[in-house]
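Residue-level structural notes
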Amino acid sequence: MSLHNIPLTTLDGSTTTLGELSDGATLVVNVASKCGLTPQYAALEKLARDYAARGLTVVGVPCNQFMGQEPGTAEEIQTFCSSTYGVTFPLLAKSDVNGAGRHPLYEELTKAADADGAAGDIQWNFEKFLLTPDGTVVNRFRPRTEPDAPEVVSAIEAVLPR
């Protein structure tokens, strides 16, 4: 199954797919509100705004699997993200990214390797996957790689039209 066709639920309970959320490149990130890496939301929002016109969509996937760092309800998550970081990019319903209850999206994403050739489980909050417009995973960036790091920006530039 193509990543673009996997059924998803947004934070507000609507059903969608990546294909419906994005007709260009997509950066999928598992996010959390109470993590030391939470300030990455600011750089993710800047990427979303700066590259929207060229076809990039950032999609956040709240996850509470890492030390309970996303404990809130859908409404609390939305309020936190919009009021604290001005997040306008789509947020999906809270999902598991590892283990037996792993969301089907992450069943596919975790098959992709990072720059060191390692695939498998998500290490922590804010792991990033860059998809081409056809839904192919072309890059996997581990949590501590900032969204505006040169390697992330150059990878995004490489998959967007000039």
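In this report, we go over the structure that sits alongside the text. Just so you know, these numbers come straight off a predicted model, no measurement behind them.

Criteria and cut-off values
Residues numbered from 1 in each chain as written. Predicted model: local features only at pLDDT ≥ 70, side-chain atom pairs only at ≥ 80, totals over all residues. Heavy atoms only, no water. Phe/Tyr/Trp six-rings, centres within 6.5 Å; stacked < 30°, edge-to-face > 60°. Buried < 20%, exposed > 50% of the residue type's maximum accessible area, 1.4 Å probe, protein only. Pairing = 2+ DSSP bridges. Helix = DSSP H or I, 4+ residues; strand = E, 2+ residues; numbered from the N terminus. Axes fitted to C-alpha atoms, helices over the stretch in contact; angles between N-to-C directions. Salt bridge = Lys/Arg side-chain N within 4 Å of Asp/Glu carboxyl O.

1. A closer look at the packing of aromatic side chains
Under the definition given, this model contains six aromatic pairs. Considering the side-chain rings of phenylalanine 80 and tyrosine 85, the 5.9 Å spacing of their centres and the 65° angle between planes classify their relative orientation as edge-to-face. For tyrosine 85, a relative accessible area of 23% puts it in the partly exposed group. Connected via pairs of aromatic rings, a cluster forms that spans Tyr41, Phe80, Tyr85, Phe89 and Phe126.

2. Some words on the sheet that holds strand 5 (residues 128-131)
As summarised here, the arrangement of the four strands in space is 4-3-5-6, forming an open sheet in which the pairing is mixed. If you trace the sheet from one side to the other, it starts and ends with strand 4 (56-62) and strand 6 (137-141), each paired once. The mean angle between the axes of side-by-side strands here comes to 20°, regardless of whether they run parallel or antiparallel. The pairing of strand 5 with strand 6 spans four bridges and is antiparallel. In the sheet register, leucine 130 faces strand 6, and the bridge partner there is asparagine 139.

3. Comments concerning the pattern of salt bridges
Enumeration over the complete set of coordinates arrives at nine salt bridges. One salt bridge in this structure joins arginine 140 and glutamate 127, with 2.6 Å as the shortest N-O distance. In this pair, arginine 140 is assigned in strand 6 and glutamate 127 in the loop between helix 4 (104-109) and strand 5, connecting sequence segments 13 residues apart. Taken together, the shared-partner salt bridges in this structure form one network comprising Asp114, Glu127, Arg140 and Arg142.

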